[in-house]
Amino acid sequence: MNSTIYSSTVSNDKELYIICSLSAGFGLISIILSMTIVIIVKHAKRRLHTVRHLLTCNTCIASMLYCIIQTINYIFLIFLPSITSDVACRWRGYFAYMSISAATYSYLVQAVSRLFFSIFARKYPWLTTFKAHYVLIFIHWLIVLIIPLPSVITKDIYFRPGSLCWVPFKYLLHMGYTAVAYYVVPVVSIIIIYIYIYRKIRRTKQSAETILNTTNDKRDLEVLRNIVILLCIYIVGGVPTLLFLFTNINILYLSGIVTFTFTVVVEKICTISLDRELRQALKSIIHSSNRVMPFENSLSLTREQNKTVRLQ
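As annotated in an unreviewed UniProt entry, the protein chain carries the name G-protein coupled receptors family 1 profile domain-containing protein and is attributed to Adineta steineri. You can read under Subcellular location (unreviewed entry) in the UniProt record for the protein chain the words "Cell membrane".

As structure tokens, this is what we get:
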């Protein structure tokens, strides 16, 4: 889609400023929520020191990266319109697409982990170790760095006044690659893994071995279901922008800027709500901070502190 269409979409600078500021605000909230989850997992008891929560923290880091890069792109769009370099625009597009794929593929990593635990744990127990998952996370970020390379290798992305550094719709091949590589591949892969695990459990549910592992199977399906829910919430944020590409309706372009980061906020809230252990850890932190110390204990503590001061 050429620059004329994009320029007409955002002719009102004040309106664009409000929209981008709102999106940046949601981005800041999502960063705070993501950091909260990482801090809770790191400082909580050993019950949160699991492979599953390690991968949850990996997704939180990807979400923080996504929101930071989107905010930087808004800063260039609103406050630094004088920087018209096509090369700089391509690199901004590269990092934008890299952050998107980092988030979507982090959910695929979680699904692959569930596949390890539910299907291959008995035959290959090393696949369920922390070491194996650190390797999985390394592969995740390596793939994330490689996938958006067409953004800088080609010249499809170039500076267009009043628009973000995305691939224009007129480059259909590159647009198709963007949709397939960043969204379709991880989503379809997660669905295939979910169906495979579900059918595997259903096929062998009558055997004694499966009966003994009924609780673990239900847990694996529950975790996979949560992964699908969170990924769908995340992808919904890109729907208005996708509709804009086909309809050229201005309100869809502006709403798409907001929904990108707003859905990340919703996804982080749902992450805490759907994770029982994480939710309980957060509740215990809140209750401990609101706990009122009895008057006698606080008085004796004050006396001890006064004695310490005198000794010093």
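The structure having been displayed, the exposition proceeds.
K.L.:
I'm lost on the nonpolar core in this one. Help?
P.N.:
As a rule of thumb, nonpolar side chains are buried together in soluble globular proteins. Judged by nonpolar contacts, the single largest core of 64 residues is most densely connected at Y66, Y97, I190, I193, I197 and I257. The greatest single-element share of this core, amounting to 15 residues, is contributed by helix α4 (residues 86–120). With residues up to four places along the chain from it excluded, the contact list for I257 reads L16, I19, C20, S23 and Y74.

K.L.:
Explain the state of the cysteines here, please?
P.N.:
When the sulfur atoms of two cysteines share a covalent bond, that bond is a disulfide. This model, assessed by the stated rule, comprises 1 disulfide. C89 shares a disulfide with C165; S-S distance 2.1 Å. Here the disulfide of C89 and C165 is left-handed, its torsion about the S-S bond being about -120 degrees. Taken together, the residues C89 in helix α4 and C165 in the loop between α6 (150–153) and α7 (172–203) connect sequence positions 76 residues apart.

K.L.:
Which parts of the structure should I look at to understand the environment of H49?
P.N.:
On the secondary structure map, H49 appears in the loop between α2 (13–43) and α3 (51–78). Classification of H49 as partly exposed rests on a relative accessible area of 37%. Dropping the residues within four chain positions of it, H49 is found in contact with V41, K42, A44 and F130. Among the polar contacts listed, one links the side chain of H49 to the backbone oxygen of V41, at a separation of 3.2 Å.

K.L.:
I would appreciate a short explanation of the side chain of H133 in the present structure.
P.N.:
Checked against the element boundaries, H133 lands in helix α5 (residues 130–146). In terms of polar contacts, H133 uses its side chain to reach the side chain of S113, at 2.8 Å. In terms of polar contacts, H133 uses its side chain to reach the backbone carbonyl oxygen of T129, at 2.9 Å. Every residue in contact with H133, bar those within four places of it in the chain, is listed here: V51, L54, L55, S113, F116, F117, L127 and T128.

K.L.:
Can you help me understand empty space enclosed by the protein in this one?
P.N.:
Where empty space is left becomes clear once a probe the size of a water molecule has been rolled over the atoms. Summed over all chains, the structure comprises 2 cavities of 30 Å³ or more. Roughly 200 Å³ of internal volume is contained in the largest cavity. Lining the largest cavity are 16 residues, with T56, Q110, L230, T271 and D275 sitting closest to its centre. Secondary-structure elements contributing two or more residues to the lining of the largest cavity are α3, α4, α9 (214–236) and α11 (250–274). It is α9 that contributes the most residues to the lining of the largest cavity, 5 residues altogether. The residue makeup of the lining of the largest cavity, split by class, is 6 nonpolar, 5 polar and 5 charged. Taken as a whole, the second largest cavity encloses approximately 50 Å³ of empty space. Going through the elements one at a time, α9 and α11 are the ones with two or more residues in the lining of the second largest cavity. The residue makeup of the lining of the second largest cavity, split by class, is 6 nonpolar, 2 polar and no charged.

K.L.:
Is there a simple way to explain the pattern of salt bridges in this structure?
P.N.:
Here the idea is simple: oppositely charged side chains can pair when their charged atoms come close. A complete count under the given rule lists 2 salt bridges for this structure. For the salt bridge of K268 with E267, the shortest nitrogen-to-oxygen distance reads 3.1 Å.

K.L.:
Just to check I follow, could you spell out the packing of aromatic side chains for this structure?
P.N.:
Aromatic ring pairs are reported here in terms of the distance separating the ring centres and the angle at which the planes meet. For the coordinates displayed, the defined rule picks out 11 aromatic pairs. When the centroid spacing of 5.1 Å and the interplanar angle of 70 degrees are considered together, the rings of F26 and F262 count as edge-to-face. One end of the pair, F26, is in helix α2; the other, F262, is in helix α11, and 236 residues separate them in sequence. Between Y97 and Y182, the ring centres sit 5.1 Å apart and the planes meet at 25 degrees, which makes this aromatic pair stacked. Residue Y97 is found in helix α4, and its partner Y182 is found in helix α7; the two are separated by 85 residues along the sequence. In this structure, Y97 and Y182 share a single accessibility class: buried. One aromatic cluster in this structure is built from Y66, Y97, W166, Y177, Y182 and F260. One cation-aromatic arrangement involves R92 over F76; the distance from NZ or CZ to the ring centre is 4.4 Å.

K.L.:
I tried to follow the UniProt feature "transmembrane region" (unreviewed entry) in the protein chain on my own but got confused; where do I start?
P.N.:
According to UniProt, the feature "transmembrane region" (unreviewed entry) maps to residues 16–41, 61–83, 95–120, 132–153, 173–197, 227–246 and 252–274 in the numbering used here. Annotation note: span residues 16–41, helix share 100%, strand share 0%, distance between end C-alpha atoms 37 Å. In residues 95–120, the share of helix is 100% and the share of strand is 0%. The end C-alpha atoms are 35 Å apart.

Procedures and definitions
Residues numbered from 1 in each chain as written. Predicted model: local features only at pLDDT ≥ 70, side-chain atom pairs only at ≥ 80, totals over all residues. Heavy atoms only, no water. UniProt positions renumbered as here; feature names shortened; annotations may be inferred. Core = buried A, V, L, I, M, F, W, Y, C linked by side-chain atoms within 4.5 Å. Buried < 20%, exposed > 50% of the residue type's maximum accessible area, 1.4 Å probe, protein only. Helix = DSSP H or I, 4+ residues; strand = E, 2+ residues; numbered from the N terminus. Contact = heavy atoms within 4.5 Å. Disulfide = S-S within 2.5 Å. Polar contact = N/O pair within 3.5 Å; in protein donor to acceptor, adjacent residues only side chain to side chain. 1 Å grid on protein atoms, 1.4 Å probe; cavity = no way out; pocket = protein on both sides within 12 Å on 5 of 7 lines; lining within 4 Å. Points joined across faces, edges and corners; volume = space filled by probe spheres on them. Nonpolar A, V, L, I, M, F, W, Y, C, P; charged D, E, K, R; others polar. Salt bridge = Lys/Arg side-chain N within 4 Å of Asp/Glu carboxyl O. Phe/Tyr/Trp six-rings, centres within 6.5 Å; stacked < 30°, edge-to-face > 60°. Lys NZ or Arg CZ within 6 Å of the ring centre and 35° of its normal.

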